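As a plain string of letters, each chain reads:
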Amino acid sequence: MRLSRYLLPLLRENPAEAQIVSHRLMLRAGLVRQTAAGIYSWLPLGLRVLRRIEQIVREEQDRAGALELLMPTIQPADLWRQSGRYEAYGKEMLRIQDRHDREMLYGPTNEEVITAIVRDTIKSYRDLPRNLYHIQWKFRDEVRPRFGVMRGRDFLMKDAYSFDLDKAGARRAYEKMFVAYLRSFARMGLKALPMAADTGPIGGDLSHEFIILAETGESAVFVHRDLVELDVLSESIDFEGDLKPVIERWTGRYAATDEKHDAARFAAEVPPEARIEARGIEVGHIFYFGTKYSEPMGAVVTGPDGSTVALEMGSYGIGVSRLVGAIIEASHDDNGIIWPDAVAPFQVGLVNLKPGDSAVDQACEKLYAGLEAAGIDVLYDDQDERAGAKFAGMDLIGLPWQLHVGPRGVAKGVVELKRRATGLREELALDQVIARFRA
Ligand code: 5CA
């Protein structure tokens, strides 16, 4: 992509309305624009990050055996009357009337819609287990939307719903999602720690939040240091095998948010040097709630002995749009964002330091075409601007690599390659650049 044809409105100044670093950087780096309170438009660069996060989530859901579908954003109130949640959900739910005065709502979550689909399509224990998910916009009329996309009113969520014949099956479904979450967040370059959680309006009696540590997090967290050192990606995981050992490793040490914190237990179980008291951002939340929805809504199957059995359910959410902010909270410096490679909007920023100089222009065009041909996402800054402003812009948007191409280098047949995260620079022969990225 050529910057001269892109939409990348960078801001030099910190926007006054942004209180936390990720919100400031998302506005300054041209990722989003606010359309209304708690409602954001995703500009091209921001959308690329959102899509990358979505794709990692999708791959890990698929790997764990979940099936993707797509449910609508607008739902009929009737379904929520069947579960008994229509009145109970309160003012967070955006209620709408259509032209026939039918009561509708903008979905804050999808337990009712998916339960109705399964009720109508799955009749026998032979068709179980199933786990169905979608990645879809939600609306919650939050009392205090704040921190940009972190607590929006309109936000993108991955929500999965598992259906099983019995409690043991439901627990396995829960375990698969637990491990899929560990892998998903780790692939995004995040350390997300599972913590026992309250269930709130979703209901149920088993629940974990996945929390990343960040100063600006909304909850206080108390964690054993050993947990932070675990690495899930180095384990080979068989989703059809026994996942208990993995889960035990990740739940075997103290970790709690303020809601569930027990100071006496923390003091007794965690030696002083291993105690981490920090703040955290909730990026995922999983629930097991048995027959809370299937019973009132009549989602039943015929069991092996011919009896009628209400389905055992769980639901599993990931805050996809929140993750964009959360990743920035975890990965930035004074100059801007530092995207982990796996979610970066482009891998390389190609910086032409002297547009109009024909040798430099030619070298850049050749590199640009070569990188694109090799399938490497490259953003080519071909604009007529001061070098200083270009460097600052590239650091701000945080692409993992920068290629600096100027007249002196080109005369010698070299360019400068800079790694955004470390600031390390190396000189590279022009004809070795593509190979360097392929490696
Ligand atoms: N139905 C369940 C699971 S599918 C559910 O709705 N869970 S939730 O309420 O915990 O939301 C799931 C995830 O969505 C949260 O962990 C959080 O990361 C994200 N999320 C929730 N509210 C917001 C919000 N207002 N803005 C951005 N992300 C949010």
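Report on the accompanying structure.

Criteria and cut-off values
- Counting starts from 1 at the beginning of each chain's written sequence and moves along it residue by residue.
- For this predicted model, a pLDDT threshold of at least 70 governs which residues receive local features, and a threshold of 80 or more governs which side-chain atom pairs are given and counted, while totals over whole chains, interfaces and linings are taken from all residues.
- With hydrogens and water excluded, all non-hydrogen atoms of the structure serve as input to the side-chain values.
- We count a stretch as a helix when DSSP gives it H or I for four or more residues in a row; a strand needs E for two or more, and each element gets its number in order from the N terminus.
- Contact between two residues is taken to exist if any of their heavy atoms lie within 4.5 Å; hydrogens are not considered.
- In this analysis a 1.4 Å probe is tested at points of a 1 Å grid over the protein atoms alone, and where it fits but cannot get out there is a cavity; an open set with protein on both sides within 12 Å along at least five of seven lines is a pocket; lining residues have an atom within 4 Å of a point.
- Grid points are joined across faces, edges and corners, and a volume is the space filled by probe spheres set on the points.
- Note that Gly is not counted as nonpolar here; it falls among the polar residues with everything else outside the nonpolar set of Ala, Val, Leu, Ile, Met, Phe, Trp, Tyr, Cys and Pro and the charged set of Asp, Glu, Lys and Arg.
- Only centres within 6.5 Å qualify two rings of Phe, Tyr or Trp (six-membered ring in Trp) as a pair; their planes then separate them into stacked at under 30 degrees, edge-to-face at over 60, and tilted for everything else.
- Our definition puts a charge over a ring when NZ of Lys or CZ of Arg is within 6 Å of the ring centre and also within 35 degrees of the ring normal.
- Nearness is judged by heavy atoms alone; a residue qualifies as near a molecule or strand once a single heavy atom is within 4 Å of it.
- Think of a polar contact as two N or O atoms within 3.5 Å of one another; within protein, one of them needs to be a possible hydrogen donor and the other a possible acceptor, and neighboring residues in sequence only count if both atoms come from side chains.
- Surface accessibility follows the Shrake-Rupley procedure with a 1.4 Å probe radius. Residue values consider only the protein chains on display as shielding.
- Buried, partly exposed and exposed residues are distinguished by accessible area as a fraction of the type maximum, computed with a 1.4 Å probe on protein chains only: under 20%, between the cut-offs, and over 50%, respectively.
- Any two strands with at least two DSSP bridges between them are considered paired.
- Salt bridges, as used here, are contacts in which a Lys or Arg side-chain nitrogen is within 4 Å of a carboxyl oxygen on Asp or Glu.

## Focus: the environment of Met-157
The residue Met-157 is located in strand β8 (residues 154-164) in this model. Residues Met-157 and Ala-264 lie 107 residues apart in sequence; the distance between their C-alpha atoms is 36 Å. What Met-157 contacts, discounting residues up to four positions off in sequence, is Pro-108, His-134, Ile-135, Gln-136, Lys-138, Arg-140, Gly-317, Ile-318 and Val-320.

## What to know about empty space enclosed by the protein
Any space left empty among the atoms is revealed by the rolling of a water-sized probe across them. Applying the stated rule across the entire model yields one cavity of 30 Å³ or more. Its volume calculated, the largest cavity comes out at about 50 Å³. Around the largest cavity sit Gly-38, Tyr-40, Trp-42, Trp-137, Val-149, Gly-152, Asp-154, Phe-155 and Ser-321, which together line it. Only β2 (39-42) and β8 provide two or more residues apiece to the lining of the largest cavity. Of the residues contributing to the lining of the largest cavity, the split by class is five nonpolar, three polar and one charged.

## Points about the packing of aromatic side chains
Scanning all chains against the criterion turns up 13 aromatic pairs. Chaining the aromatic ring pairs together yields one cluster made of Phe-178, Tyr-181, Phe-185 and Phe-210. Across from the ring centre of Tyr-86, 4.6 Å away, lies the NZ or CZ of Arg-95, which sits over that ring. Cation over ring: Arg-419 sits above Trp-401, and NZ or CZ is 4.6 Å from the ring centre.

## Examining the site of the ligand
Lining the immediate surroundings of the ligand are 22 residues, of which Thr-109, Glu-111, Arg-140, Gly-152 and Glu-282 lie closest. For the ligand, a nitrogen atom lies 2.8 Å from a polar atom in the backbone of Gly-152. Residue Glu-282 places a side-chain N or O atom 2.4 Å away from an oxygen atom belonging to the ligand. The fraction of the free accessible surface of the ligand (610 Å²) that becomes covered by protein chains is 95%.

## A short note on the side chain of Lys-176
As for its placement among the helices and strands, Lys-176 is situated in helix α6 (residues 167-187). Classification of Lys-176 by relative accessible area gives buried; the value is 16%. If we ignore the near neighbours within four places in the chain, the residues touching Lys-176 are Ala-64, Phe-239, Glu-240 and Leu-243.

## Some details on the pairing of strand β1 (residues 32-36)
Regular strands place side chains that alternate from one sheet face to the opposite one. Note that β1 and β2 share four bridges and pair antiparallel. Within β2, the position partnered with Ala-36 by the bridge is Ile-39. With antiparallel pairing between neighbouring strands as the criterion, β1 and β2 make up a hairpin whose turn holds two residues, including Gly-38 at a positive phi of roughly 70°.

## A few points about the pattern of salt bridges
Taken as a whole and judged by the stated rule, the model has 34 salt bridges. The salt bridge partner of Glu-60 is Arg-183, with a shortest N-O separation of 2.8 Å. Of the two residues, Glu-60 sits in helix α2 (residues 44-63) while Arg-183 sits in helix α6, which places them 123 residues apart along the sequence. Arg-183 carries the same exposure label as Glu-60, and that label is buried. Glu-60 gets classed as buried once you look at its relative accessible area, which sits at 0%. Here the salt bridges do not stand alone but share partners, grouping Glu-59, Glu-60, Arg-63, Arg-183 and Arg-187 into one network.

## As for the side chain of Gln-136
Summarising the element assignment, Gln-136 is placed in strand β7 (residues 130-139). Of the polar contacts made by the side chain of Gln-136, one reaches the backbone oxygen of Met-71; its length is 2.8 Å.

## Here's the deal with the layout of surface pockets
Of the pockets and cavities examined, the largest pocket occupies roughly 950 Å³. As for the largest pocket, its lining consists of 44 residues, and the residues nearest its centre are Arg-140, Arg-151, Glu-282, His-285 and Arg-322. The set of elements that each furnish at least two residues to the lining of the largest pocket consists of β8, β10 (206-213), β13 (275-290), β16 (312-319) and α11 (320-330). Ranked by residues supplied to the lining of the largest pocket, first place goes to β13 with seven residues.

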